[in-house]
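Chain by chain, the residues:
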Amino acid sequence: MQQDRRPWLILAHAHLRVSDLHALLDLFGTAEAIVDQPRSRLAEAGLSDAKCTAITSPDERAIAEALSWLDHAGHHLVAWGDGLYPEMIAQIPGPPLVLYVNGDIDALHLPALAIIGSRNPTEGGSRNAHNFAQHLAGRGFVIVSGLAQGIDAAAHEGALDAGGKTVAFLGTGIDRIYPATNRNLAHAIVANGALVSEYPLGAAPERWHFPERNRLISGLSLGTLVVEAARRSGSLITARLAAEQGREVFALPG
């Protein structure tokens, strides 16, 4: 069954956008047909040289590693157009072509709220994030955050303490936990929610990954609560994205 994922992995490793996919599907019909096309046909369809090369000469080692990862229980690749692709994320501008998921994929389809904020919060800020997450998770909301130190970690822990579900979007490959100090927390999230990444296995924590993944934190969520964010911070980027996506934005100042 995982071999059905191979064409999608090839397209994802080629950094194909959903807009690219739509154009190619109009021409060729399926992901399988796209990856079977000669380079000339892909170029005629408007793909860049780099994308054509990545599709016609894929990194077989990387594809094999991803397929091996998918063989483990709880590991999923959710592709655009799949019935398991989260509808909330499908609605946002620039949705990912694929999502790598480790954990309970159903958690991506439940009502969710994001809690984000400072990596260096006050004690009161951490307590507020934890308590809000605990209360909201206890009322059935999935708590979404980014697995960072500080407010993110407090929010995930609050949801877990309520016996609720929590989802963490990563700025790395799904097989890399950053920061490493949150490794145990990541394991607990997998058991009671999910880790999610749009980046290929092994992807490092590049600086630009984190503001990029923030659109998914806000996108999956009905609303975003910001706790003690600095004026110039990734948290305020997420708040702006939430507003642009038509989601609610809340704040606890500090």
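Keep in mind it's a predicted model, so treat the numbers as computed, not measured.

Here we look at the pattern of salt bridges
- In total, this model carries 10 salt bridges according to the counting rule given.
- The residue Arg 127 makes a salt bridge to Glu 123 at a minimum N-O spacing of 3.9 Å. With Arg 127 and Glu 123 both in helix α8 (residues 123–138), this residue pair falls 4 residues apart, about one helical turn.
- Judged by relative accessible area, Arg 127 falls into the partly exposed class, the value being 46%.
- By relative accessible area, Glu 123 is classed as exposed at 65%.
- Notably, a salt bridge pairs Glu 244 with Arg 240, separated by 3.1 Å at the nearest N-O pair.

Considering unusual backbone geometry
- Look at the link from Tyr 178 to Pro 179: it is a cis peptide, with omega at 0°.
- Along the chain, Pro 179 turns up in the loop between β5 (166–169) and α10 (183–191).
- A positive phi angle, near 55°, is found at Glu 228, a position not held by glycine.
- Take Glu 228: its relative accessible area is 14%, and that puts it in the buried class.

Here's the deal with helix α9 (residues 151–161)
- Along α9, 8 of the 11 residues are buried, which leaves the element largely enclosed by surrounding structure.
- When we look at burial in α9, the residues that qualify are Ile 151, Asp 152, Ala 153, Ala 154, Ala 155, His 156, Gly 158 and Ala 159.
- At its buried positions, α9 is contacted by β3 (112–117), α8, β4 (142–145), β5, α10 and β7 (223–227).

A few points about the pairing of strand β2 (residues 98–103)
- The element β2 is extensively covered by neighbouring structure, given that 6 of its 6 residues are classed as buried.
- Pairing of strand β1 (residues 75–79) with β2, which is carried by 5 bridges, proceeds in the antiparallel orientation. Looking at β2, one finds that Ala 79 is bridged to Val 98.
- Bridge count for β2 against strand β6 (residues 193–197) is 4 bridges, and the pairing is antiparallel. Residue pairing in the sheet places Val 101 in a bridge with Val 196 of β6.

Remarks on the side chain of Ser 235
- Inspection of the secondary structure puts Ser 235 in helix α12 (residues 234–244).
- The residues contacting Ser 235, other than those within four sequence positions of it, are Ile 116, Gly 117, Ser 118, Val 226 and Ala 229.

Cut-offs used in this document
Residues numbered from 1 in each chain as written. Predicted model: local features only at pLDDT ≥ 70, side-chain atom pairs only at ≥ 80, totals over all residues. Heavy atoms only, no water. Salt bridge = Lys/Arg side-chain N within 4 Å of Asp/Glu carboxyl O. Helix = DSSP H or I, 4+ residues; strand = E, 2+ residues; numbered from the N terminus. Buried < 20%, exposed > 50% of the residue type's maximum accessible area, 1.4 Å probe, protein only. Contact = heavy atoms within 4.5 Å. Pairing = 2+ DSSP bridges.

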